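Coordinates in review
If you want the building blocks of each chain, they are given just below.
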Amino acid sequence: MPFDFDQAVPRENTDSVKYDLREKLFGREDIIPMWVADMDFRVPPAVSQAIHERANHGIYGYSIRPEGFYDSAISWMDKRHGWQVARDWLTFSPGIVPGVNLAIMGLTAPGDKIMIQPPVYFPFFDAIKKNDRQLAENRLILRNGRYYVDLEDFERQLQGGVRMFILSNPHNPGGSVWTRQELEDMGNLCLQYGATIIADEIHCDIVFPGYRYTPMASISEEIASQTLTFIAPSKTFNIAGLSTSVGIISDSSLRREFNRMLDRIHIGHGNIFGTVALQAAYNHGGEWLDQLLVYLKQNLELIEHYIHERLDGVKLIRPEGTYLAWLDCRELPLENDRINRFMIEQAGVGLNDGASFGENGQGFQRLNFGCPRSTLQKVLENLDHAIRNI
Ligand SMILES: Cc1ncc(COP(=O)(O)O)c(C=O)c1O
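The structure presented is a predicted model; accordingly, all values stated were derived computationally and were not measured. (Residues numbered from 1 in each chain as written. Predicted model: local features only at pLDDT ≥ 70, side-chain atom pairs only at ≥ 80, totals over all residues. Heavy atoms only, no water.)

1. Here we look at the site of the ligand
- All residues adjacent to the ligand are A37, G95, I96, V97, P98, Y121, S168, N172, D200, I202, H203 and K235.
- D200 places a polar side-chain atom, nitrogen or oxygen, 2.5 Å from a nitrogen atom of the ligand.
- Between H203 and the ligand, the recorded distance is 2.7 Å, taken from a side-chain N or O atom to an oxygen atom.
- Take the shell around the ligand: its biggest share by element is three residues, from helix α5 (residues 96–107).
- Looking at side-chain class alone, the shell around the ligand contains six nonpolar, four polar and two charged residues. (Near = heavy atom within 4 Å. Polar contact = N/O pair within 3.5 Å; in protein donor to acceptor, adjacent residues only side chain to side chain. Helix = DSSP H or I, 4+ residues; strand = E, 2+ residues; numbered from the N terminus. Nonpolar A, V, L, I, M, F, W, Y, C, P; charged D, E, K, R; others polar.)

2. A word on the nonpolar core
- Core analysis: the biggest nonpolar cluster contains 75 residues, and M34, L292, I303, L367, F369 and L376 have the highest contact counts within it.
- Among the domains, domain 1 (17–44 + 286–388) and domain 2 (48–284) are the pair contributing at least three residues each to this core.
- Beyond its immediate chain neighbours, meaning those up to four positions away, L292 contacts F5, M39, F41, I206 and T236. (Core = buried A, V, L, I, M, F, W, Y, C linked by side-chain atoms within 4.5 Å. Buried < 20%, exposed > 50% of the residue type's maximum accessible area, 1.4 Å probe, protein only. Domains from an automatic or database assignment. Contact = heavy atoms within 4.5 Å.)

3. Considerations on the pattern of salt bridges
- A complete count under the given rule lists 22 salt bridges for this structure.
- With a closest N to O distance of 2.8 Å, R87 and E67 form a salt bridge. With a gap of 20 residues between them, R87 in the loop between α4 (67–81) and β2 (90–93) and E67 in helix α4 connect regions that are remote in the sequence.
- Under the relative-accessibility criterion, R87 is labelled partly exposed at 30%.
- Residue classification places E67 among the partly exposed residues on the basis of a relative accessible area of 42%.
- With its nearest N and O atoms 3.4 Å apart, the salt bridge here joins D112 to R163. Of this pair, D112 sits in the loop between α5 and β3 (113–116) while R163 sits in strand β7 (residues 162–168), and the two are 51 residues apart along the sequence.
- With a relative accessible area of 40%, R163 lands in the partly exposed category.
- In the salt-bridge network here, residues are joined through shared partners; they are R11, K18, D38 and D40. (Salt bridge = Lys/Arg side-chain N within 4 Å of Asp/Glu carboxyl O.)

4. A short note on the sheet that holds strand β11 (residues 315–317)
- On the basis of which strands lie adjacent, the open sheet formed by four strands has the order β11-β12-β15-β14 and antiparallel pairing. Each edge of the open sheet carries a strand with a single partner, namely β11 and β14 (352–353).
- Alignment of β14 against strand β15 (residues 364–368), held across two bridges, turns out to be antiparallel. Looking at β15, one finds that N352 is bridged to R366. (Pairing = 2+ DSSP bridges.)

5. Brief notes about the packing of aromatic side chains
- Following the criterion strictly, the structure yields 19 aromatic pairs and no others.
- Ring centres 5.5 Å apart and planes at 90 degrees place the aromatic pair Y121 and F124 in the edge-to-face group.
- Residue classification places Y121 among the partly exposed positions, given a relative accessible area of 23%.
- When the ring of F122 is compared with that of F357, the centres are 5.2 Å apart and the planes differ by 65 degrees; the resulting orientation is edge-to-face. Remark: F357 occurs in the loop between β14 and β15 and F122 occurs in the loop between β3 and α6 (123–130); sequence separation between them is 235 residues.
- Overall, F122 belongs to the partly exposed group, its relative accessible area being 29%.
- Judged by its relative accessible area of 0%, F357 falls in the buried class.
- Site record: aromatic cluster; members linked through ring pairs are F5, F41, W76, F237, Y282, W288 and Y295.
- One Lys or Arg, R65, reaches over the ring of F69 and ends 5.7 Å from the middle of that ring.
- A cation over a ring is seen here: R87 above Y70, with NZ or CZ 3.8 Å from the ring centre. (Phe/Tyr/Trp six-rings, centres within 6.5 Å; stacked < 30°, edge-to-face > 60°. Lys NZ or Arg CZ within 6 Å of the ring centre and 35° of its normal.)

6. Things to note about the domain arrangement of the chain
- Under the domain assignment used here, the chain contains domain 1 (17–44 + 286–388) and domain 2 (48–284).
- A C-alpha centroid distance of 25 Å is found between domain 1 and domain 2.
- Contacts between the two partners involve 37 residues from domain 1, matched on the other side by 37 residues from domain 2.
- Carbon and sulfur atoms supply 59% of the area that domain 1 and domain 2 bury against each other, a total of about 3,100 Å² over both sides.
- When the buried surface of domain 1 facing domain 2 is broken down by residue, E320, T322 and F357 rank first, second and third, together holding 24% of it.
- Counting across the interface, domain 1 meets domain 2 through three salt bridges.
- The leading source of residues in the side of domain 1 that touches domain 2 is helix α12 (residues 286–309), at nine residues. (Buried area = accessible area lost by both parts, 1.4 Å probe.)

Rendered as structure tokens:
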């Protein structure tokens, strides 16, 4: 059955972060929001049906997560990604950012060094700083339109006493789907220097043809024994508002510590609708996702075409995965700190300012292309018009 990703679904006045915070964040209510990473598509019908059925019961008391919750995640990771995970390894987190924070609190101490790879998802910076840990930056290297790991620097940072490394795989916003070799190199160095790995693999299901997601913890048992992996149906199936994700931790002492943190602040029970939605998505969402991936690839090709033909001064860092396009705007005839205002005021588009992903994100903008083609077309036309009139 073909799903309709062209349908524009109004999201204003639904308490949507992406839509209903525009005035507050961008100073204008009429910009086209292409920033925060949720999509403008309705979820797979199986997901809304499951939520409706549960809602119809009319009682939403304290609830457990049934075994089916874990089975569906196990089966999804196996069928979709060829990674066999054992039931024992699985735990819950009410979101991936909370999971990252809990892991930091449980497995490191104030003052410890934690390494990330900017330009990178900005809540990683916050998670480190707000927990009074020290930030260690292993900046990615942009070469021929792709971000690579600077392995020499990676090792130097580990030698400098890094205790934990937070990986984004596939990488947000750089779009690299890390290869087995890249993961093996990073993983083995973390093993050698005893750094725990947090593998944030939330974007693992959105990967374009020609690339393949490899879970960091699937590289070797040794690497797995030092890794906490987080996955979720939230990006893939557009259910981020249901705050439901899964931790995959093969090492029993790391798992115990993580679960202890969940217990300590008593947030392990999750929510009923997230539990139901995860199962429906993983059990019945495969075909919807296959079609979504085709649609997203066409959106990406449209962006690529537009940039190539019309948007002088903008380069696309072509993502291998994720629905986030990282635009290099450093050759626009504007000061770096003007680019953001330009996008809002001249183009009428709300993007993520690259500088929020780290210093080496200056001059870049992140564009979320998880939207109907007509919206994307309008955004690209606005950009074209605005750039011509600089
Ligand atoms: C790399 C990455 N991790 C985590 C999240 C958010 O996870 P959650 O909403 O489950 O906390 C996002 C959302 O954009 C993301 O891009």
